[in-house]
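Residue-level listing of the chains:
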Amino acid sequence: MTLPLRDVSPGAAPPPTPPPSTPRRRRAIALAAASLLAAGLLGVVVGGGGTATAGTVGAGSYTETLPPGAVLPKGCGTVSTNPRVFATADAPAGAIPTNDWWSSLIWKRNNCGTSENLQAHPLAFKAENNGLGLSYTTTPAISGTATGVGEYHYPYTEDVRVGVAGLAAPVVKAADWTDWTVTADWSDGNRSMRATIGHGLPFSYYTVTGGGAAQLTATATPTVWRNSGATIGFTVNGHDYVAYGPTGSTWTVNGAGISSTLAGKGYFSVAVLPGGADKAALADTYGRYAHAHVTGTRMSYAYDPATGSVRTTYAFTTTPREGTETKTVVALYPHQWRSLTGATPITPTYVSPRGAMRVLAGVPSFTTSMRFTGVLPEVPAVGDAAGADLSTVTNYLNAELANPEGISGKDTYWAGKGLGRAARIAEIADQLGLTPVRDAAVAAMKTRLTNWLTAGSGETGQLFYYDRNWGTLIGYPASYGSDEDLNDHHFHYGYFVAAAATVAKFDPGWADDTRYGGMVDLLIRDANNYDRADGRFPYLRDFDIYAGHDWASGLAPFFAGNNQESSSEGMNFANALIQWGQATGNTAVRDAGVYLWTTQSAAISEYWFDVHDENFPAGFGHKTVGMVWGDGGAYATWFSSAPEMIQGINMLPITGGHLYLGDHPEYVKANYAELLTNKNGPPTVWQDIIWEFLALGDGDEALRNFRANSTFASEEGESKAHTFHWIRNLAALGNVDTTVTANHPLAKVFRKGTARTYVASNITAAPLTVTFSDGTRLAVPAGKTATSGAYTWSGGNATGGVTVPTGPPPTGTPTPDPTTPTPTPTTASPTPTSPSPSPSTSTPTLEPTRYLAAGGGLDGTAGPAGTVTVVAANGNHDGTPTSPQVFTATGLTGTYTGGTTAFDLGVDAGIAVGNGVQARVSYDLTGDGSFDRVETYRYFATDPIVGLERYRQTQGLASATGTLGNLAGGTVKVEVWNAIGNNPTTVGTGDRSTITLPYSR
């Protein structure tokens, strides 16, 4: 089974594709103003008619007026609806979970009545109109090659459907949900059924009303191996199931059908058994808990700084339908059973897309204990704080004075990337005492953040909008489906929160709740609300509590469950919470960040990296995946087939919160070795990301690579200053030492040979002493990062491990003016924006808006609506027009306005997946046959839904050469082709596709 290799964290209208050198980044009830105030908003501005139009949070604000042209989350039939229409009247109050493993039951993007495949593990489910389908797939489908794009899936293959005789519900709704379970509801007016399913549950639990018989319909004639009273055991498609009815009931078998009147009691359960066991004995064991129906689940965590540990308890609420048993049976994922305390699994194990799931029988809960090994704002300057390397990094940093953000993204993702870049520069410059560079970076971040965190009167962009129906805060301009699919909020907002944490270190007043801290907190709550009492947002929206990691979205329309690509950007969010909580003294946020960071780093090592070489199926042939699907994984990305990007997408951004990537240094080297094999040579893009990762396993080799080729093009969120600083210092420090923890969250231990370096960061205004688990104590001055010794390049410990602070002397706390304008970026080509043509008194010889014509023209007036076909790429042609459709206008004369090109192309790939359409616009200013300006735009990933999508210039420039000027009998050419994908794409003509030239008429 081959699935789409294209990123969205899918939805009916997948997000746009990022530039080829970058990662892609890829609902709720109305709340009264009083409840919003009680939940923490500081004020509500009420507009006409009593409708809340804006919320004031300290000096910040958001809007409840949808900006012009903005789109909202889309549910049934791609229409923006209140998701409550797909929840029962007795469903829980508060915001509805949108990104959970079961959320397609609420979204109903592709089917207004049922659900997509629900990957719960060990079972997968699908809600159909006449019942619930059950699948236990134990054989993976593997496609691709060991050195190229490849993937594995345990596809949904229904074994049995559970329902009620005659049931035909027009809509399956969500009746209840808890931390990792959901209860689905079927009702057709005569009979009804409710089923509770969840992560880790071998059982599914049912209650029925209306008098109909319980009906189990197998997809093949079942082999019945037990039919005794209320219990029937049967095998279908090689998988063993047991149905448990009430006392006094019996089961009748008729061909593929198994039914029971349930003795009129209206409840039963169905369990899948792991193979390779004494199924009769196991059926008896499970039977002891079959009528203790799970009706609720709840996770609780506790971070103990003194021991550097995170204890997480997973508890079950059960309702005994008969008898007094209240315990249950549960299957644990690898990241859970490796850290299990106080319980012993039974055998055998379940097969799952995440690896072997081990079983606990007869438990009310279970607890894991994981080691939190600490994070840092940045690695310490032990290797480049003096000598020639100090000159190198200083030159790199001084080059950033004019534009520390590097990029000037307008949407939440690209603005976030720029903020992340500036934060790294500020941290390094502060360590090295380069106050002007640090202050410039902090000022740039404050300006950018302050703009986004305020929704002024009449403002229509770079603001946040709160939608009450979906319970979400959406930043506009949105990107990559962060609006209509609620994709990637943790990816985007993590950059904002991390930058705010850096600002808070140097200007605590800016981060106060009376100023902008309250808005930062709202971003945190939207992406992963840490406060169960806050009904404005779902609890931990993007984080799957039982799976142990984030999901990018919850629509799941690609038959494979949810997916997530950039696990490392999820970790950027978790680290941001730790840094922000520590900087502001908010221990609830800090502890939530520690829980997310610790749990997800364990999950990443298992499911993205498979560091133990136990979870990926035999025959897959890769040591890592670019993305995890509900039913498997793929050595692929949504946006590129380059090994550097497939592997690098789970490395970036490289920060002091990403040192978990080095927890297994031998794996780091194996991961890098695979890249070299698959690339057939060293990396040629994203060298900075790849070498920074390599530095966590072999810093010396990474540094040699950098010194031999320091002229590479930096990834957009990176800078040469940060790349060199990171690699140079890890070459000195050695590998992460996970055996030692600290009683302070911003602390880390490194080991090179037999020598350890202890590092701690103090972002408060008072001195701090940090104690490590091996007894080492380290004094850390206010506002500084300290180490236990300064290493020379040879790796020798120059000071014998004395625990005294090192680094430059205090430089004071800058308080840049938040109104200081962000420095204007210096780039090779202008950032695409909507043109603003200025009036002209010249004779109008040019219609700025041109229409793509079926005959290949760029007409000044719209022709009849139609389409032309762009042939399939059948390869990777990113940036290179291949068999394009070409549209040309000649003899154009007009005055250049100083603006930029804009276009709006209607494109559609039908139901094809993995396609990306690309455009290039070329200007021959004088008609001499030589193009003076050539603009190639980033390709747009089309969705697998029939209907035109809008490909616009806001996708961004991939490259540009030359400059624009006045047109004098000139020519404009538009080329449209498929950059990736194996299927054709149609492009609208007539009034369906336009290009607007930056020229006056």
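What you are looking at is a predicted structure, and each value in this text was computed from that prediction instead of being measured. (Residues numbered from 1 in each chain as written. Predicted model: local features only at pLDDT ≥ 70, side-chain atom pairs only at ≥ 80, totals over all residues. Heavy atoms only, no water.)

Re the environment of Leu-123
Move 1: Along the chain, the position of Leu-123 falls in the loop between β4 (118-119) and β5 (124-128).
Move 2: On the basis of relative accessibility, which here comes to 2%, the residue Leu-123 falls in the buried class.
Move 3: Each C-alpha atom of the pair Leu-123 and Thr-137 lies 8.0 Å from the other, and the pair is 14 residues apart in sequence.
Move 4: When near neighbours in sequence (up to four residues on either side) are disregarded, Leu-123 contacts Leu-118, Leu-134, Ser-135, Tyr-136, Leu-201, Pro-202, Tyr-241 and Val-272. (Helix = DSSP H or I, 4+ residues; strand = E, 2+ residues; numbered from the N terminus. Buried < 20%, exposed > 50% of the residue type's maximum accessible area, 1.4 Å probe, protein only. Contact = heavy atoms within 4.5 Å.)

A look at helix α16 (residues 720-733)
Move 1: In a regular helix each residue adds 1.5 Å, so 14 residues correspond to 20 Å; α16 covers 20 Å between its end C-alpha atoms and thus fits that length.
Move 2: Count one or two residues on from α16 and you reach Gly-734, which has phi positive near 95°. (Expected span 1.5 Å × (residues − 1).)

A closer look at the state of the cysteines
Move 1: If you walk through the whole model with that rule in mind, you get one disulfide.
Move 2: In this model Cys-76 forms its disulfide with Cys-112; the gap between the sulfur atoms is 1.7 Å. With the S-S dihedral at roughly 100°, the linkage between Cys-76 and Cys-112 falls on the right-handed side. Linking Cys-76 in the loop between β3 (60-63) and α2 (104-107) with Cys-112 in the loop between α2 and β4, this pair joins segments that are 36 residues apart in sequence.
Move 3: With relative accessibility at 17%, the residue Cys-76 sits in the buried group. (Disulfide = S-S within 2.5 Å.)

Thoughts on the side chain of Asp-737
Move 1: Tracing the backbone shows Asp-737 in the loop between β35 (735-736) and β36 (747-752).
Move 2: A polar atom in the side chain of Asp-737 sits 2.6 Å from the side chain of Thr-739.
Move 3: With residues near it in sequence (within four places) discarded, Asp-737 still touches Val-749, Phe-750, Arg-751 and Arg-756. (Polar contact = N/O pair within 3.5 Å; in protein donor to acceptor, adjacent residues only side chain to side chain.)

Points about the pattern of salt bridges
Move 1: For the structure on display, the rule yields 39 salt bridges.
Move 2: Between Arg-194 and Asp-90 there is a salt bridge, with the nearest N and O atoms lying 3.0 Å from each other. Of the two residues, Arg-194 sits in strand β12 (residues 192-198) while Asp-90 sits in the loop between β3 and α2, which places them 104 residues apart along the sequence.
Move 3: Measuring nitrogen to oxygen at the nearest pair gives 2.7 Å for the salt bridge that ties Asp-534 to Arg-536.
Move 4: A relative accessible area of 3% means that Asp-534 is categorised as buried.
Move 5: Residues joined by salt bridges that share partners form a network here, namely Asp-521, Arg-525, Asp-531, Asp-534 and Arg-536. (Salt bridge = Lys/Arg side-chain N within 4 Å of Asp/Glu carboxyl O.)

Notes on the pairing of strand β14 (residues 214-218)
Within a regular strand, side chains alternate between the sheet's two faces.
Move 1: Burial of the side chains of β14 is restricted to one face: Ala-214, Leu-216 and Ala-218 are buried, whereas none of Gln-215 and Thr-217 on the reverse face is.
Move 2: Pairing of strand β9 (residues 160-164) with β14 involves five bridges; the strand directions are antiparallel. The residue bridging Val-164 from the neighbouring strand is Ala-214, located in β14.
Move 3: Sheet analysis places β14 next to strand β19 (residues 257-260), joined by four bridges and oriented antiparallel. For Thr-217, the partnering residue across the bridge sits in β19 and is Gly-257. (Pairing = 2+ DSSP bridges.)

Quick look at the sheet that holds β4
Move 1: The antiparallel open sheet is built from seven strands, whose spatial order is β4-β5-β6-β9-β14-β19-β18. Bordering the open sheet on either side are β4 and β18 (252-254), each of which pairs with just one other strand.

Observations concerning the environment of Trp-691
Move 1: Among the secondary structure elements, Trp-691 is positioned in helix α14 (residues 687-694).
Move 2: A residue is classified by how much of its surface remains accessible, and Trp-691, at 5% relative accessible area, is buried.
Move 3: Spatially, the C-alpha atoms of Trp-691 and Asn-705 are 7.4 Å apart, while their sequence positions differ by 14 residues.

Comments concerning helix α8 (residues 489-506)
Move 1: With 18 residues, α8 extends 26 Å from end C-alpha to end C-alpha; this agrees with the ideal 26 Å at 1.5 Å per step.
Move 2: Along α8, 18 of the 18 residues are buried, which leaves the element largely enclosed by surrounding structure.

A word on the sheet that holds β35
Move 1: Strand order in the open sheet formed by four strands is β35-β36-β37-β40, and the pairing between neighbours is antiparallel. Each edge of the open sheet carries a strand with a single partner, namely β35 and β40 (785-787).
Move 2: The pairing of strand β37 (residues 755-761) with β40 spans three bridges and is classified as antiparallel. Of the residues in β40, the one forming a bridge with Val-759 is Thr-787.

Section: the packing of helix α9 (residues 517-528) against helix α10 (residues 567-584)
Move 1: Running from N to C, α9 and α10 point in directions that differ by 145°, and their axes come no closer than 12 Å. Viewed along their axes, α9 and α10 form a crossing whose handedness is left-handed. Across the interface between the two elements, Gly-517, Val-520, Ile-524, Ala-527 and Asn-528 from α9 touch Phe-573, Leu-577 and Trp-580 from α10.
Move 2: Here the contact of α9 with α10 is built from residues that sort into six nonpolar, two polar and no charged. (Axes fitted to C-alpha atoms, helices over the stretch in contact; angles between N-to-C directions. Left-handed = near helix turned anticlockwise from the far one by under 90°. Nonpolar A, V, L, I, M, F, W, Y, C, P; charged D, E, K, R; others polar.)

Considering the pairing of strand β20 (residues 267-273)
Move 1: Burial analysis of β20 places seven of its seven residues in the buried class, the great majority of the element.
Move 2: Alternating residues of β20 divide into Tyr-267, Ser-269, Ala-271 and Leu-273 and Phe-268, Val-270 and Val-272, and every residue in both groups is buried.
Move 3: Pairing of strand β13 (residues 203-209) with β20, which is carried by five bridges, proceeds in the antiparallel orientation. Residue pairing across strands places Tyr-205 opposite Ser-269, the latter belonging to β20.

Brief notes about unusual backbone geometry
Move 1: The omega torsion across Tyr-476 and Pro-477 is 0°, close enough to zero to call that bond cis.
Move 2: Here Pro-477 shows up in the loop between β29 (472-476) and α8.
Move 3: The peptide bond linking Leu-652 to Pro-653 adopts the cis configuration, its omega dihedral lying at -5°.
Move 4: Relative to the helices and strands, Pro-653 is located in the loop between α12 (643-648) and α13 (665-679).
Move 5: Phi at His-121 is positive, roughly 70°, even though this residue is not glycine.
Move 6: Here His-121 is to be found in the loop between β4 and β5.
Move 7: Judged by its relative accessible area of 3%, His-121 falls in the buried class.
Move 8: Positive phi, normally seen in glycine, also occurs at Leu-540, with a value near 45°.

Notes on the packing of aromatic side chains
Move 1: A complete count under the given rule lists 53 aromatic pairs for this structure.
Move 2: For the pair Tyr-413 and Tyr-480, a centre-to-centre distance of 5.6 Å together with 75° between the ring planes defines the contact as edge-to-face. Of this pair, Tyr-413 sits in helix α6 (residues 412-431) while Tyr-480 sits in the loop between β29 and α8; the two residues are 67 residues apart in sequence, bridging distant segments of the chain.
Move 3: For Tyr-413, a relative accessible area of 0% gives the class buried.
Move 4: By relative accessible area, Tyr-480 is classed as buried at 3%.
Move 5: Seen in terms of ring centroids, Phe-940 and Tyr-951 are 5.7 Å apart; in terms of plane orientation they differ by 15°. Their pairing is stacked. Remark: Tyr-951 occurs in strand β49 (residues 949-952) and Phe-940 occurs in strand β48 (residues 940-941); sequence separation between them is eleven residues. (Phe/Tyr/Trp six-rings, centres within 6.5 Å; stacked < 30°, edge-to-face > 60°.)

Focus: the confidence of the model for the chain
Regions with low pLDDT should not have their predicted coordinates read in detail.
Move 1: Per-residue pLDDT for the chain averages 88, and the proportion of residues at 70 or more is 89%.
Move 2: Long-range and interchain partners of residues 1-52, a stretch whose pLDDT sits below 50, account for 228 contacts in this model, where long-range means more than four residues apart.
Move 3: Counting interchain partners and residues more than four positions distant, the pLDDT-below-50 stretch residues 790-844 has 114 contacts. (pLDDT = per-residue confidence, 0-100.)

Some words on the packing of α8 against α10
Between two packed helices, both the angle of their axes relative to each other and the distance between the axes serve to describe the pair.
Move 1: At their nearest, the axes of α8 and α10 sit 8 Å apart, and the two run at 30° to each other. Here α10 runs roughly parallel to α8, going by the angle between their axes. Crossing handedness for the pair α8 and α10: left-handed. For the pair α8 and α10, contact is made by His-490, Phe-491, Tyr-493, Gly-494, Tyr-495, Val-497, Ala-498, Ala-500, Ala-501 and Ala-504 and by Glu-569, Gly-570, Asn-572, Phe-573, Ala-576, Gln-579, Trp-580 and Ala-583, respectively.
Move 2: Broken down by class, the residue content of the contact of α8 with α10 amounts to twelve nonpolar, five polar and one charged. (Parallel < 35°, antiparallel > 145°, perpendicular 65-115°, else oblique.)

Some details on the environment of Val-182
Move 1: Inspection of the secondary structure assignment puts Val-182 in strand β11 (residues 181-187).
Move 2: Using a relative accessible area of 1% as the deciding quantity, one classes Val-182 as buried.
Move 3: Counting along the chain gives 16 residues from Val-182 to Gly-198, while the straight-line C-alpha distance between them is 6.3 Å.

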